[in-house]
Amino acid sequence: MAMCAGIWILLAALHVQAGDGQMVQMDSSKSGFVGSQVELRCIFINSNPPVKISQVTWQKVLNGTKQNVAIANPALGVSVLSPFKERVSFKQAAVRHRTPSLEDTTIVFSSLQLSDDAAYICEYTTFPAGNRENTVNLTVFARPMTRMTLTTPTIVARASKRKMTVATCVSANGKPQSVIKWETRLKGEATLQETRNQNGTVTVRSNYVVVPSRETHKQKLTCIVTYRSERITDSVVLNVQYEPEVKIEGFDKNWYLNRQNVQLTCRADANPPVTIYQWKLLNGSLPSNVEIKNNTLFFKGPVTYDLAGTYVCDATNGIGTRTGIVDVNITEFPNNLSTPGYEIPLEQHNAGVAIGVAVGGVALLGVAAVLLFVFLRRRQRTFKGDYSTKKHVFGNGYSKAGGLPAHPPIPKNLQYPDDSDDEKKPTQIGGPGGFEASECNFDGEQEDLKRPYFTVDEAESRDYDERTLAFQYDPQAEIADDMISQTDGSVISKKE
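Let us look at the structure shown here. From a predicted model like this one, the values you see are computed outputs, not experimental measurements.

**Notes on the overall build of the protein chain**
The helix and strand inventory of the protein chain stands at four helices and 31 strands. The 496 residues of the protein chain split such that 33% are buried. Long-range pairs, those at least 24 residues apart, make up 60% of the contacts in the protein chain between residues at least 6 apart in sequence.

As structure tokens, this is what we get:
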């Protein structure tokens, strides 16, 4: 008996060794989205000679705990356990036959749930080789629900200029979590909040914060959600309500007397539109010739000084009231005299001509006075003598009133150095032996050479010692226009 038991153990050992060639083929990982269908492949590669498959068991492993999912037994048939019974089945119909074929026991998950995310074991029980198994990791993704909404249908710009959330972008219940970014021309900022749910999903929420204003009205705001390799976008256009932005048009700084067809228009940029316009004149009442139509003031008749003043326009909408101001001044003439349609009145034209003539006459008198002053000044500086006394001159001979001592021969060329009183003292040029004409330059002395005479007073006022007074003269000495020659060689003025 003991011998028989030993032989049985030896034979079993030989079967196990032969069974080393068996294996279970499975994918290492599989994935799917919630609600989708996924197959978990499990194929048994038998040995030769083949072993007997006693049972195939699918198990779910979560946090180290195993849970049976489905069982296929040749004798007992197929069994799918709760809670998978409605959603899990064997793919091959041969598994369910009376005489089943269990080499391919692939199962199909339909309508995946987040709870299906786990590791699954496919275990083959064989005789006499024992158990063979392999594992697949199933990952279940949850596509997030993405939406973008305005915080409030109506965004109002307040004078306080406080920041407020104008739009919210949400990516809810995503697995894995999403990434949210904003695309816009607005100068705002984004806040981000993440919430991890019990089922393993993540909800991401981002708010866009900005100061509502007239500039933010009708601006596009786009939320970009990136989930895995997908890019989801959603956009809104901001509807911002704000008080009127008011300005007055029509005054071109060229309102002059008698100009026709002038007007002022109150322009307002507002949301919602302006419903009421009110005109008034600061510190006074509107002129009597004004006609108001909607947002425009029409001034009937020609422009007068009565139209000058500060005009105010109040524009009101559902958010508030704002004011526009313009200062109107009236001139007598247009800024540009070539203004189309403008003609200078005859009286104004005549007055302008008279003023021009008067100004020209004053200028002419001024010029004449300056010329007279210059002439008298030059005459005073040219003649320093006394017209009431006879003056003996040199240059046309010796004076008969007196003689001069003899002098050496007179050189033909003289040089007249400048003197402080603008009169010239003749000096001899060159050394005792004479001079060369090429050494002299008379260009600067032409005015001195033209003087035909010196008075006795002038001659006596100079210190000659032993030096010779010599000069060049024209044999036909010229006498000044206002002087008359006398028989004794002297000259007197015509007044005398």
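**Some points on a nonpolar patch on the surface**
Among the surface-exposed residues, Val-370, Phe-373 and Val-374 lie close enough to one another that they form a single nonpolar patch of about 300 Å² accessible area. Checked against the element boundaries, Val-374 lands in helix α2 (residues 346-382). The class of Val-374 is partly exposed, set by a relative accessible area of 40%.

**Observations regarding the state of the cysteines**
For the structure on display, the rule yields three disulfides. Each sulfur in the disulfide pair Cys-42 and Cys-122 lies 1.9 Å from the other. Because the torsion about its S-S bond is -80°, the bridge between Cys-42 and Cys-122 counts as left-handed. With Cys-42 in the loop between β3 (38-40) and β4 (43-45) and Cys-122 in strand β10 (residues 118-127), this residue pair connects regions lying 80 residues apart in the sequence. Cys-122 carries the same exposure label as Cys-42, and that label is buried.

**Let's talk about the side chain of Lys-60**
Mapped onto the elements of the fold, Lys-60 is located in strand β5 (residues 52-62). Asp-116 provides the closest opposite charge to the buried, unpaired Lys-60, separated from it by 5.1 Å. Excluding residues within four positions of it along the chain, Lys-60 makes contact with Thr-65, Lys-66, Gln-67, Val-69, Phe-84, Ser-115, Asp-116, Ala-118, Ala-119 and Tyr-120.

**A closer look at the sheet that holds strand β11 (residues 130-141)**
Backbone hydrogen bonds are what pair the strands of a sheet, in a parallel or an antiparallel way. Strand order in the open sheet formed by six strands is β2-β11-β10-β5-β6-β7, with mixed pairing between adjacent strands. The sheet is open, and its two edges are formed by β2 (29-33) and β7 (77-80), each paired on a single side. Within the sheet, the average angular offset between the axes of one strand and its neighbour, ignoring direction, is 25°.

**Digging into the side chain of Asn-271**
Following the sequence through the fold, Asn-271 ends up in strand β21 (residues 262-271). Residue Asn-271 is classed as buried on the basis of its relative accessible area, which comes to 15%. A polar contact is formed between the side chain of Asn-271 and the side chain of Asn-239, at a distance of 3.2 Å. Here Asn-271 is in contact with His-217, Asn-239, Val-240, Gln-241, Tyr-242, Asn-317 and Ile-319, once residues within four sequence places are set aside.

**Here we look at the sheet that holds strand β20 (residues 240-249)**
Spatial strand order, β13-β20-β21-β24-β23: five strands in an open sheet with mixed pairing. In this open sheet, the two strands that pair with only one neighbour each are β13 (155-156) and β23 (290-293). With two bridges joining them, β13 and β20 adopt parallel strand pairing. Counted as the bridge partner of Ile-155 is Val-240 from β20.

**Here we look at the nonpolar core**
In terms of nonpolar packing, the biggest core is built from 32 residues, with Leu-40, Trp-58, Phe-109, Tyr-120 and Tyr-124 touching the most fellow members. For this core, the secondary structure elements donating two or more residues are β3, β5, β6 (65-73), β8 (88-90), β9 (107-109), β10 and β11. In terms of residue count, β10 provides more of this core than any other element does, four residues in total. In contact with Tyr-120, other than residues within four places in its own chain, are Met-26, Leu-40, Trp-58, Gln-59, Lys-60, Val-69, Phe-84, Phe-109, Asn-134, Thr-135, Val-136 and Leu-138.

**Observations regarding the pairing of β21**
Judged from the six bridges that link them, β20 and β21 form a sheet pairing that is antiparallel. Across the sheet, Ile-248 pairs through a bridge with Cys-266, a residue of β21. Note that β21 and strand β24 (residues 296-299) share four bridges and pair antiparallel. When the bridges of β24 are listed, Thr-265 appears paired with Thr-296.

**Regarding the pattern of salt bridges**
Under the criterion given, the structure shown has 16 salt bridges. Where Asp-269 meets Arg-214, a salt bridge forms, and the shortest distance between an N and an O atom there is 3.1 Å. Highlighted residues: Asp-269 in strand β21 and Arg-214 in the loop between β17 (202-210) and β18 (220-227), separated in sequence by 55 residues. Arg-214 gets classed as partly exposed once you look at its relative accessible area, which sits at 32%. When the shortest N-O distance is used, the salt bridge between Glu-291 and Lys-300 registers 3.3 Å. Taking the relative accessible area as the measure of exposure, Glu-291 reaches 26% and is therefore partly exposed. The network of salt bridges with common partners includes Arg-214, Glu-215, Glu-245 and Asp-269.

About the thresholds
Residues numbered from 1 in each chain as written. Predicted model: local features only at pLDDT ≥ 70, side-chain atom pairs only at ≥ 80, totals over all residues. Heavy atoms only, no water. Helix = DSSP H or I, 4+ residues; strand = E, 2+ residues; numbered from the N terminus. Buried < 20%, exposed > 50% of the residue type's maximum accessible area, 1.4 Å probe, protein only. Contact = heavy atoms within 4.5 Å. Patch = residues over 30% accessible without salt bridge, like charges linked within 9 Å, V, L, I, M, F, W, Y side chains within 5 Å. Areas by Shrake-Rupley, 256 points an atom, 1.4 Å probe, with all protein chains shown as cover. Salt bridge = Lys/Arg side-chain N within 4 Å of Asp/Glu carboxyl O. Disulfide = S-S within 2.5 Å. Lys, Arg positive; Asp, Glu negative; His and termini not counted. Pairing = 2+ DSSP bridges. Axes fitted to C-alpha atoms, helices over the stretch in contact; angles between N-to-C directions. Polar contact = N/O pair within 3.5 Å; in protein donor to acceptor, adjacent residues only side chain to side chain. Core = buried A, V, L, I, M, F, W, Y, C linked by side-chain atoms within 4.5 Å.

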